[in-house]
Amino acid sequence: MSQKSIAAVVPLMALVILTLLMVQLQSLQRTVLVLLTAPLGIVGVTLFLLVFHMPFGFVTMLGVISLTGMIMRNSLILVDQIDQDIKTGSGYWNAIVDSTVRRFRPIVLTALAAVLAMIPLARSVFWGPMAVAIMGGLLVATLLTLFFEPALYSLLYRVKRPQSAPRSEPIAAQPPPSPAIG
């Protein structure tokens, strides 16, 4: 009965999410990129529910639904930063790498804040499975997103690593500049 009530609103919820992502990102490719990260939390959810011997019930399902939103938010932040860097003139490769490095700390800290906020709920009989699912899913998905998203972006836009020019001498062997006299 409870799953039927959720299943009834899933198509509307999916349409609203898709519309909001399209408005925010203004690109079908980037929207697909963000949507592809949503299932990354399933690994963490499954692992944590098994380790902590928690059931997958209605409340846990609600936690997984909210988890997908958290994961897509992290992905959206990263994709948006990459696009901003590209618009400011950075090359695709540098934009992907620099944006991932620059957004690593904010994404990890917000995920950790959410995980830590779930700890008091994890001991609850009713809310415990939901909290454990969110904690596990968010921990694993955050780490996977920070590696998967840049790789997927590079694959989708066919970005190749630029070849660096070979150096004739090591940097340490170059003479220091002479002081200016004058």
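Q: When you look at helix H4 (residues 58-87) in this model, what are you seeing that I'm missing?
A: Given 3.6 residues per helical turn, the α-helix brings residues three or four places apart onto the same face. Taking 1.5 Å as the rise per residue, H4 with 30 residues should run 44 Å; its terminal C-alpha atoms sit 44 Å apart, in good agreement. Looking at the residues trailing H4, positive phi occurs at glycine 89, about 105 degrees.

Q: Would you take a moment to explain the pattern of salt bridges for this structure?
A: Pairing of side chains with opposite charge becomes possible as their charged atoms draw close. One pass over the full model with this rule turns up two salt bridges. In this structure, arginine 30 and aspartate 83 form a salt bridge, with 2.8 Å as the shortest nitrogen-oxygen distance. Of the two residues, arginine 30 is situated in helix H2 (residues 28-35) and aspartate 83 in helix H4; the sequence distance between them amounts to 53 residues. Of the two residues examined, arginine 30 and aspartate 83, each falls in the buried class. Aspartate 85 serves as the salt-bridge partner of arginine 102, at 3.1 Å between the closest nitrogen and oxygen. In this pair, arginine 102 is assigned in helix H5 (residues 92-122) and aspartate 85 in helix H4, connecting sequence segments 17 residues apart. For arginine 102, a relative accessible area of 43% gives the class partly exposed. On the basis of relative accessibility, which here comes to 10%, the residue aspartate 85 falls in the buried class.

Conventions and cut-offs
- Per-chain numbering applies: the sequence of each chain, read as written, is numbered from 1 onward.
- Totals for whole chains, interfaces and linings use all residues, but because this is a predicted model, local features are given only for residues with pLDDT of at least 70 and pairs of side-chain atoms are given and counted only at 80 or more.
- Where side-chain values are given, they derive from all heavy atoms of the structure, hydrogens and water being excluded.
- Going along the chain from the N terminus, every DSSP run of H or I of four or more residues is numbered as a helix, and every run of E of two or more is numbered as a strand.
- Multiplying 1.5 Å by the residue count of a helix minus one yields the expected span of that helix.
- What makes a salt bridge here is a side-chain nitrogen of Lys or Arg within 4 Å of a carboxyl oxygen of Asp or Glu, nothing more.
- To sort residues, take the accessible area from a 1.4 Å probe on protein chains only and compare it with the maximum for the residue type: under 20% means buried, over 50% means exposed, and anything in between is partly exposed.

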